[in-house]
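# Coordinate analysis (summary)
One letter stands for each residue in the lines below.
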Amino acid sequence: QIRTADNQQLGATIIGTDPSTDIAVLQVNAEDMPHMEFGDSDRLRVGEWVMAIGSPLSENLAQTVTQGIVSAKGRADINLVDFEDFIQTDAAINPGNSGGPLINMSGELIGINTASASRSGGSQGIGFAVPSNMAQRVMESIIETGTVVRGFLGLTGQDIDPTMADAFGLDRARGIVISQVLDDSPAMMG
């Protein structure tokens, strides 16, 4: 079941989930539901104002709106999900905000609130959202095929850091070093 902003409880069916991005698609058993338009998260700029909407901590705080800026884009290696390309924001994202929208000042959905980094458990101005373009691709794939279809090479690697760049004689730290080719993968067979 879902609960709307005007406190209606409606039945919903899970169409599919993608644990690798923490996205789920639900079908709500209702007609003419208002909806938020997707914005283009690729056009989002660091420093742009955003708002996070959610129900932090408890139902008593439902529909809480916090504001902040985009602190960074493309955050990865946070170890939250398999496919990370997060928008980082200082808009307060507390427990209970997950799944709520991160919106731009035009009222468009540009991210889905996912988590925050905190030593205390409360918001410390380091929140993360799945970009709307990634969420939309996941949603469309689930609706069209029932699952998320992704390319797969079968390689693991690590980013080249400045020490490695020196060792390899590179002028700067860029690229990756392939550390493993997985058995029976396209990379192994190619």
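That block above? That's the structure.
To keep things clear, this report deals only with the structure shown in the data block.

What counts as what
- Residues numbered from 1 in each chain as written.
- Predicted model: local features only at pLDDT ≥ 70, side-chain atom pairs only at ≥ 80, totals over all residues.
- Heavy atoms only, no water.
- Helix = DSSP H or I, 4+ residues; strand = E, 2+ residues; numbered from the N terminus.
- Buried < 20%, exposed > 50% of the residue type's maximum accessible area, 1.4 Å probe, protein only.
- Areas by Shrake-Rupley, 256 points an atom, 1.4 Å probe, with all protein chains shown as cover.
- Contact = heavy atoms within 4.5 Å.
- Phe/Tyr/Trp six-rings, centres within 6.5 Å; stacked < 30°, edge-to-face > 60°.
- Core = buried A, V, L, I, M, F, W, Y, C linked by side-chain atoms within 4.5 Å.
- Expected span 1.5 Å × (residues − 1).
- Pairing = 2+ DSSP bridges.

### Points about the overall build of the protein
In terms of helices and strands, the protein carries three helices and twelve strands. Within the protein, the proportion of its 190 residues that are buried is 31%. As displayed, the protein offers around 12000 Å² of accessible surface, 49% of which is attributable to carbon and sulfur atoms.

### Regarding the environment of V50
Following the sequence through the fold, V50 ends up in strand β5 (residues 49–54). V50 sits in the buried class, given a relative accessible area of 0%. Residues V50 and S106, 56 residues apart in the sequence, show an inter-C-alpha distance of 9.4 Å. Those residues in contact with V50 that lie beyond four places of it in its chain are L44, T66, Q67, G68, I69, V70, T89, L102, I103, M105 and I110.

### Examining the packing of aromatic side chains
Per the counting criterion, the structure on display carries one aromatic pair. Ring geometry for F86 versus F128: centroids 5.8 Å apart, planes at 50°, classification tilted. Of this pair, F86 sits in strand β7 (residues 86–89) while F128 sits in strand β10 (residues 127–131); the two residues are 42 residues apart in sequence, bridging distant segments of the chain. Here F86 falls in the buried class, since its relative accessible area comes to 1%.

### Describing the nonpolar core
Counting residues in each nonpolar core, the largest one holds eleven residues, listed as I23, V25, F86, I112, F128, V130, M134, A135, V138, I142 and V148. Per-element tally for this core: the top contributor is helix α1 (residues 132–145), with four residues. When near neighbours in sequence (up to four residues on either side) are disregarded, I112 contacts I23, G99, G100, F128, A129, V130 and A135. Counting ten residues, the second-largest nonpolar core is a separate cluster that includes L44, L102, I110 and A129.

### Observations regarding α1
With 14 residues, α1 should reach 20 Å at 1.5 Å per residue; the first-to-last C-alpha distance of 20 Å fits that figure. Just downstream of α1, G146 is the residue with a positive phi angle, here 85°.

### Concerning the pairing of β5
In β5, alternate side chains face the same way, and those of V50, A52 and G54 are buried while those of W49, M51 and I53 on the opposite face are not. Relative to strand β8 (residues 101–104), β5 is paired through three bridges, and the arrangement is antiparallel. Residue pairing across strands places V50 opposite N104, the latter belonging to β8.

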